[in-house]
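If you want the building blocks of each chain, they are given just below.
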Amino acid sequence: MTEFKLPIEKPKPDIERFVSIMNGKIIPDKPPMVEYLIDDAVMKPILQNMLGRKWVSISDKLGYIGDQMNFSKENTEKTNAWLDNQIAFWYHMGYDFIRIEASLTLPAMSSWVSDTAKGTGDQIRVWQDESKGVIRSWDDFEKYPWTRIKEEDFYIHRYICDHLPDGMGFITCHAGGVFEHLSRLMSYEGLCLNLIDDPTLFKAVTDKIGELIYKYDKHLLELDKLTLILQGDDFGYSTQTLIPPEDIRKYFLPWHKKYAQLCHEKGKPYYLHSCGKVDVLMEDFINYVKIDGKHSFQDGVAPIIDAKKNWGDRICLLGGIDVDKLARLEPSELRKYIRQIIKKCAPGGRFAIGAGNSIPSYIPVENYLTMLDEALK
Amino acid sequence: MAKYQNLADAIIRGDNIASKEITQKLLDSNIYPVEVLNEGLMPGMDVVGRKFKANEMYIPEVLIAARAMHAAMEVIKPLLSKSDTNTKSKVIIGTVQGDLHDIGKNLVGMMLEGAGFTVIDLGVDVPPEKFAEEIKKNGVKLIGLSALLTTTMTSMKTVIDAVKSDKETSSVKVIVGGAPLTQEYADSIGADGYAPDASSAVDLVKSLL
């Protein structure tokens, strides 16, 4: 394996500088790094082999998207150890912040299949059911176990705030946005049909989720070390938006506008992660929602170089290294590609480098490290 | 023809009640079922496909158009003769092993049916040997493979290698599609074609068969 300048033994994170770069007050000599989510399959070998830490897995215990969190004494100890690892990882890999997200308990249907990605061993991959939602009627809506926000929902957030190294910031959001949870609860096919067959039910479920996230964000914004909210809500796929743009404007963007307003009232930025071909909505994101930054750019759908030209002077742009290239290019080719992105996107600032979407299990560890190594040059 | 326009319009706006009623009325007036299919339903789905490709229609609208098409087909199907249904080839579609993504493949299936093909949908997480077995069993000349992830799209090559290396199936055309796919990747694994969306997949199938 190549020699990397990682992990950094004595990092000097500076979250205030990161935010200043993102809002254009500082033009850096090299862009800072950003990441949205990093899979255990990539984190584990780095934590074990490069940072010499004991791996702790909590994926079967801690709620991620929509599952019930378990805070029994035994599990709290495990969760703390897991969080210590998370902080160490983001700190020593050169980030100015840690990003972790959790969600409220919103049970839905899932399917499982063996994960074919390298490095995941005999793990399974969980797939959201695309045609069988748990809410298909008003009766289902009434009977659904809608959760109430509780203090323990913010245990991991408070732990991170209490244990952040000097200079590190904390970026989070509700795991899963309004549209994403609607597609979990109604299924994608179900929401598509209900959008036309029963728009009142569609709106009722949407607003119920939207309101829960709004209340959740209010709690997040009370955290003293919170830097900003980077909310995920995937509205697109490779060739268009998942539902007509006018319906996204009508049902979902008003909620994002409220979340952005909450952040701005507290003097915090609001960034949006939204995958797929959503360029038709960019002006709405910027002018109506008033996002401060946008994450998720993939070469085949929304190249970051084009985004820089179109919107780079109005909002900050995050990520942009194509996940397919991260997964498949040889390290030497990957370095060339990353240098090209930096060359085109770094001038003028308001750009942080990282994966176009996230670091899933199928990104080779060497390629992930190559991206960071090149960014640190 | 004007008498079929109402049926095509019902398909385009996704009105499954109207599509069924109009189909029944046309059949009651002694029009051949295959003519209703060819002159009303297929042109309707063709418009849906073209509008979808041009981003003038979106998946929810395509799904209800397909539902309207199915409603009409329920009336027509029992009346179609064998020779009517064999006018176009059978096509096998499926999502490759390790992948449970369904929607993209289903849209391709709907569009192909709308264009008059007989679609055999093998579902999701389909092992390579299942594709080979079904090709032989059904005598199809084309299969379509779908994948959502970079990690699962590598299974496409396994299927293509299996199909192309078997004398009995080596002439079968294999087309691929899915979010992480590109023409370049399709070429690199020996696929006969790649389509970026469901509507283009229909054009591709037509050009290959």
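Here is what the cut-offs are and how they apply
- Along each chain, residue indices are assigned from 1 in the same order as the chain's sequence is written.
- Starting at A for chains and at 1 for ligands, labels are handed out in the order in which the entities are written.
- In keeping with the predicted nature of the model, local features appear solely for residues at pLDDT of at least 70, side-chain atom pairs appear and are counted solely at 80 or more, and the whole-chain, interface and lining totals rest on all residues.
- Helix and strand definitions here come from DSSP, where helices need a minimum of 4 consecutive H or I residues and strands a minimum of 2 consecutive E residues; each element is numbered from the N-terminal end.
- For the radius of gyration, the atom set is restricted to C-alpha positions; the globular benchmark scales as 2.2 Å times the number of residues to the power 0.38.
- Any residue with 12 or fewer other C-beta atoms within 10 Å of its own C-beta is exposed, any with 20 or more is buried, and the rest are partly exposed; the C-beta atoms used are placed from the backbone.
- Two residues form a contact once the distance between their C-beta atoms, set from the backbone, is within 7 Å.
- Here the term charged refers only to Asp, Glu, Lys and Arg, the term nonpolar to Ala, Val, Leu, Ile, Met, Phe, Trp, Tyr, Cys and Pro, and the term polar to all other amino acids, Gly among them.
- Note that the domain bounds reflect an automated or database-derived domain assignment.
- Multiplying one less than the number of residues by 1.5 Å gives the expected span of a helix.
- Throughout, the bend at a residue refers to the angle made by two axes, fitted to the seven residues ending there and to the seven starting there.
- In this scheme, strands are said to pair when DSSP sees at least two bridges between them.
- For helices, the fitted line uses only the C-alpha atoms of the stretch in contact; every axis is such a line through C-alpha atoms, and the angle between N-to-C directions lies from 0 to 180 degrees.
- For this analysis, nonpolar core means a set of buried Ala, Val, Leu, Ile, Met, Phe, Trp, Tyr and Cys residues linked through C-beta atoms within 7 Å.
- With respect to orientation, any angle under 35 degrees is reported as roughly parallel, any angle over 145 as roughly antiparallel, any angle of 65 to 115 as roughly perpendicular, and every other angle as oblique.
- Crossings are classed by handedness, with left-handed meaning an anticlockwise turn of the near helix from the far one by less than a right angle and right-handed meaning a clockwise turn.
- The handedness rule is simple: strands pointing away from the viewer, and a clockwise path from the first strand over the helix to the second, make the crossover right-handed.
- Per-residue confidence from the predictor is given as pLDDT, running between 0 and 100.

Helices and strands together make up the secondary structure of chain A, namely 14 helices and 9 strands. Relative to the globule expectation of 21 Å for 377 residues, the C-alpha radius of gyration of chain A, 20 Å, shows essentially globular dimensions. With respect to the principal axes defined by its C-alpha atoms, chain A has extents near 60 × 50 × 40 Å. Taking all 377 residues of chain A together, 48% fall into the buried category.

With that settled, the discussion passes to the interface of chain B and chain A. Between chain B and chain A, the contact holds 21 residues from the first and 28 residues from the second. When residues of the side of chain B that touches chain A are traced back to their parent elements, those giving at least two are helix H4 (59-76) and helix H8 (150-165) of chain B. Counted by class, the side of chain B that touches chain A contains 10 nonpolar, 8 polar and 3 charged residues.

Glancing now at the domain arrangement of chain B. All names here are of chain B. Split into domains, chain B comes out as domain 1 (2-84) and domain 2 (88-208). Summarising the inter-unit geometry, the C-alpha centres of domain 1 and domain 2 are found 25 Å apart. If you look at the interface, domain 1 gives 10 residues, while domain 2 gives 11 residues. Elements supplying a minimum of two residues to the side of domain 1 that touches domain 2: helix H3 (33-53) and H4. By residue number, the principal contributor to the side of domain 1 that touches domain 2 is H3, which donates 6 residues. Split by residue class, the side of domain 1 that touches domain 2 holds 7 nonpolar, 1 polar and 2 charged.

Residue and element names in this part refer to chain B. The first and last C-alpha atoms of H3 sit 29 Å apart over 21 residues, in line with the 30 Å expected at 1.5 Å per residue. Roughly 30° is the biggest bend found in H3, and it falls at Met 42, with proline Pro 43 one to four residues downstream. All buried positions along H3 are accounted for by Val 36, Leu 37, Gly 40, Leu 41, Gly 44, Met 45, Val 48, Gly 49 and Phe 52. Looking one or two places after H3, you find Asn 55, whose phi comes out positive at around 55°.

Residue and element names in this part refer to chain B. Ordered in space as S2-S1-S3-S4-S5, the 5 strands form an open sheet in which the pairing is parallel. If you trace the sheet from one side to the other, it starts and ends with strand S2 (118-121) and strand S5 (193-194), each paired once. Pairing of strand S3 (residues 142-146) with strand S4 (residues 173-177), which is carried by 5 bridges, proceeds in the parallel orientation. From the neighbouring strand, Leu 145 faces S4, where its bridge partner is Val 176. Where helix H10 (residues 198-208) meets the sheet, its contacts fall on strand S1 (90-95), S3, S4 and S5, and the angle it forms with S4 comes to roughly 165°.

With that out of the way, let us pick up the nonpolar core. Soluble globular proteins: nonpolar side chains tend toward being buried together. Residue and element names in this part refer to chain B. Ranked by size, the top nonpolar core spans 176 residues in total, and within it Ile 11, Ala 65, Met 111 and Ile 175 carry the most contacts. At 10 residues, the largest contribution of residues to this core is made by H4. Per-domain counts for this core show at least three residues from each of domain 1 (2-84) and domain 2 (88-208). Non-local contacts of Met 111, meaning those with residues more than four positions away in its chain, are made with Met 45, Gly 49, Ala 198, Ser 199, Ala 201 and Val 202.

A word on the packing of helix H6 (residues 178-186) of chain A against helix H8 (residues 199-220) of chain A. All names here are of chain A. Where H6 contacts H8, the axes come no closer than 9 Å and their chain directions differ by 130°. With respect to each other, H6 and H8 are oriented oblique. Note that H6 runs across H8; the crossing there is right-handed. Across the interface between the two elements, Val 178, His 181, Leu 182, Leu 185 and Met 186 of H6 pack against Val 205, Thr 206, Ile 209, Gly 210 and Ile 213 of H8.

The next subject is the pairing of S4 of chain B. Residues and elements named next belong to chain B. Burial runs high along S4: 4 of the 5 residues are buried. Handedness of the crossover is the feature at issue here: the chain leaves S3, passes through H8, returns alongside S4, and the resulting connection is right-handed. Both S4 and S5 contribute to a ladder of 2 bridges, which runs parallel. Bridge assignment links Ile 175 to a residue of S5, and that residue is Gly 193. For the crossover from S4 across helix H9 (residues 183-188) to S5, the handedness is right-handed.

Once that is clear, we can look at the confidence of the model for chain B. Caution is warranted with low-pLDDT regions, since their predicted coordinates should not be read in detail. The predicted model of chain B has a mean per-residue pLDDT of 90, with 96% of residues at 70 or higher. Interface confidence for the predicted complex, given as ipTM, is 0.90, next to a pTM of 0.90.

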